[in-house]
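# Overview (structure and organization)
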Amino acid sequence: MYDVKGNLKEVLANLPQGVRLVAISKYHPNEYIEAAYEEGQRIFGESHEQELRQKHEALPKDIRWHFIGHLQTNKVKYIAPYVTMIEAVDSLKLLQEIEKQAAKNNRVIDVLLELHIAEEETKYGLSDHALYELLDGGEWREMVHVRICGLMMMASYVDDEQQIRSEFRHAKKLFDDVKVRYFADAEYFCERSWGMSHDYLIAVEEGSTMVRIGTTIFGPRVY
Ligand SMILES: *Cc1c(COP(=O)(O)O)cnc(C)c1O
């Protein structure tokens, strides 16, 4: 088996204080998650509802699951009973469905708003304009079962470090502005989820509070 424990330790040693690790376990077997769990890792991220459900049922109940992928509204009800955070919220419709399903389960679900900053067409997320439109709309203020805890984004998948860095900086600027304008009194609005295997060292230099790392810990995914 891949040296999950050794890799995990290495990654953790690279993270400054105040930056948390979401271990991205999608497509990896339960044994890999258990190995990381034995090392003390408790936050794991998955991007498919069914896979997440099976892992949630089979693995220790104190694991905090983050849903990191694109989430269809009709899947929210399946993860609402137990998911800790939904990281990639990019529409009011999705936010409303999370509110509804969280209320049914009598819980508050933490979410992040996903930004679209990368050049790739295929990526989901809110443009700057759509982000402010959603926040200015104000519907979210009435949602007592959803807590918007910060922003999430993926940088372009390129080798150009300067480009990656400037995308993270843009995200940080947006975060600072949104914090002041909408969440000044909300202590919980504090998360900046950026940084993956290939760019997390840059991300932590550019203000990330939460890195999402899969391959560096668990090896290549077998689809
Ligand atoms: C798969 C995935 C990751 C982890 O990517 P690695 O390159 O394996 O570290 C991080 N964030 C999101 C949204 C993902 O889908």
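Before going into details, it helps to say that this report is about the structure given with it. (Residues numbered from 1 in each chain as written. Predicted model: local features only at pLDDT ≥ 70, side-chain atom pairs only at ≥ 80, totals over all residues. Heavy atoms only, no water.)

### Comments concerning the pattern of salt bridges
- Applying the stated rule across the entire model yields 14 salt bridges.
- Of the charged contacts in the structure, one is a salt bridge between Lys5 and Glu38, with a shortest N-O distance of 2.6 Å. Of this pair, Lys5 sits in helix α1 (residues 4-14) while Glu38 sits in helix α2 (residues 30-38), and the two are 33 residues apart along the sequence.
- The partly exposed category is assigned to Lys5, whose relative accessible area is 27%.
- Here Glu206 ties to Arg165 by a salt bridge, and the two come within 2.7 Å at their closest N and O atoms. Within this pair, whereas Glu206 is found in the loop between α8 (200-205) and β8 (210-213), its partner Arg165 is found in helix α7 (residues 161-182), the two being separated by 41 residues in sequence. Arg165 shares its class with Glu206; the two are buried.
- One continuous salt-bridge network, built from bridges that share partners, spans Glu161, Arg165, Arg169, Glu205 and Glu206. (Salt bridge = Lys/Arg side-chain N within 4 Å of Asp/Glu carboxyl O. Helix = DSSP H or I, 4+ residues; strand = E, 2+ residues; numbered from the N terminus. Buried < 20%, exposed > 50% of the residue type's maximum accessible area, 1.4 Å probe, protein only.)

### A closer look at the environment of His116
- Relative to the helices and strands, His116 resides in the loop between β5 (109-114) and α6 (128-137).
- In this structure the C-alpha to C-alpha distance between His116 and Gly45, which are 71 residues apart in sequence, comes to 20 Å.

### Re the site of the ligand
- The ligand sits among Ile24, Lys26, Ile68, Met152, Met154, Met196, Ser197, Arg212, Ile213, Gly214, Thr215 and Arg221.
- For the ligand, an oxygen atom lies 2.6 Å from a polar atom in the side chain of Lys26.
- Within the backbone of Gly214, a nitrogen or oxygen atom sits 2.8 Å from an oxygen atom of the ligand.
- Coverage of the ligand by the protein amounts to 91% of the 390 Å² it exposes when considered alone.
- Among the residues forming the shell around the ligand, the class breakdown is 6 nonpolar, 3 polar and 3 charged. (Near = heavy atom within 4 Å. Polar contact = N/O pair within 3.5 Å; in protein donor to acceptor, adjacent residues only side chain to side chain. Areas by Shrake-Rupley, 256 points an atom, 1.4 Å probe, with all protein chains shown as cover. Nonpolar A, V, L, I, M, F, W, Y, C, P; charged D, E, K, R; others polar.)

### Remarks on the packing of aromatic side chains
- Across all of its chains, the model carries 8 aromatic pairs by this definition.
- Taken together, a centroid distance of 4.5 Å and an interplanar angle of 75° make the contact between Tyr27 and Tyr223 edge-to-face. Of this pair, Tyr27 sits in the loop between β1 (20-24) and α2 while Tyr223 sits in the segment after α9 (215-218); the two residues are 196 residues apart in sequence, bridging distant segments of the chain.
- Chaining the aromatic ring pairs together yields one cluster made of Tyr132, Trp140, Phe175, Tyr182, Phe183 and Phe189.
- A cation over a ring is seen here: Arg42 above Tyr37, with NZ or CZ 3.5 Å from the ring centre.
- Positioned above the aromatic ring of Phe175 is the side chain of Arg192, whose terminal nitrogen or guanidinium carbon lies 4.7 Å from the ring centre. (Phe/Tyr/Trp six-rings, centres within 6.5 Å; stacked < 30°, edge-to-face > 60°. Lys NZ or Arg CZ within 6 Å of the ring centre and 35° of its normal.)

### A look at unusual backbone geometry
- Positive phi, normally seen in glycine, also occurs at Tyr27, with a value near 70°.
- Although it is not a glycine, Asn106 sits at a positive phi angle of roughly 60°.
- Take Asn106: it is sitting in the loop between α5 (92-104) and β5.
- With a relative accessible area of 70%, Asn106 lands in the exposed category.

### Let's talk about the side chain of Lys55
- Checked against the element boundaries, Lys55 lands in helix α3 (residues 49-58).
- Note on Lys55: relative accessible area 5%, which makes it buried.
- A polar side-chain atom of Lys55 sits 2.8 Å from the main-chain carbonyl oxygen of His28.
- Here Glu46 takes part through its side chain, which lies 2.8 Å from a polar atom of the side chain of Lys55.
- For Lys55, the contacting residues outside a window of four places in its chain are Ser25, Lys26, Tyr27, His28, Asn30, Ile33, Glu46 and Trp65. (Contact = heavy atoms within 4.5 Å.)

### Concerning the pairing of strand β3 (residues 64-67)
- Here strand β2 (residues 43-46) pairs with β3 via 4 bridges, running parallel. Its bridge partner being in β3, Gly45 is matched across the sheet by His66.
- One crossover worth recording links β2 to the parallel β3 by way of α3, and it is right-handed.
- As paired strands, β3 and strand β4 (residues 85-89) are joined by 2 bridges and run parallel to one another. Across the sheet, Phe67 pairs through a bridge with Ile86, a residue of β4. (Pairing = 2+ DSSP bridges. Right-handed = clockwise from strand over helix to strand, strands pointing away.)

### Concerning α1
- For α1, the set of buried residues is Val4, Asn7, Leu8 and Val11. For α1, the buried positions fall inside an angular range of 100° around the axis, keeping them on one side. Counted as exposed and oriented over 90 degrees from the buried face of α1: Lys9, Glu10 and Ala13.
- Contacts made by the buried residues of α1 are with β1, α2, α8, β8 and α9. (Arc of directions from axis to C-beta.)

Taken by themselves, the reported measurements are silent on function.
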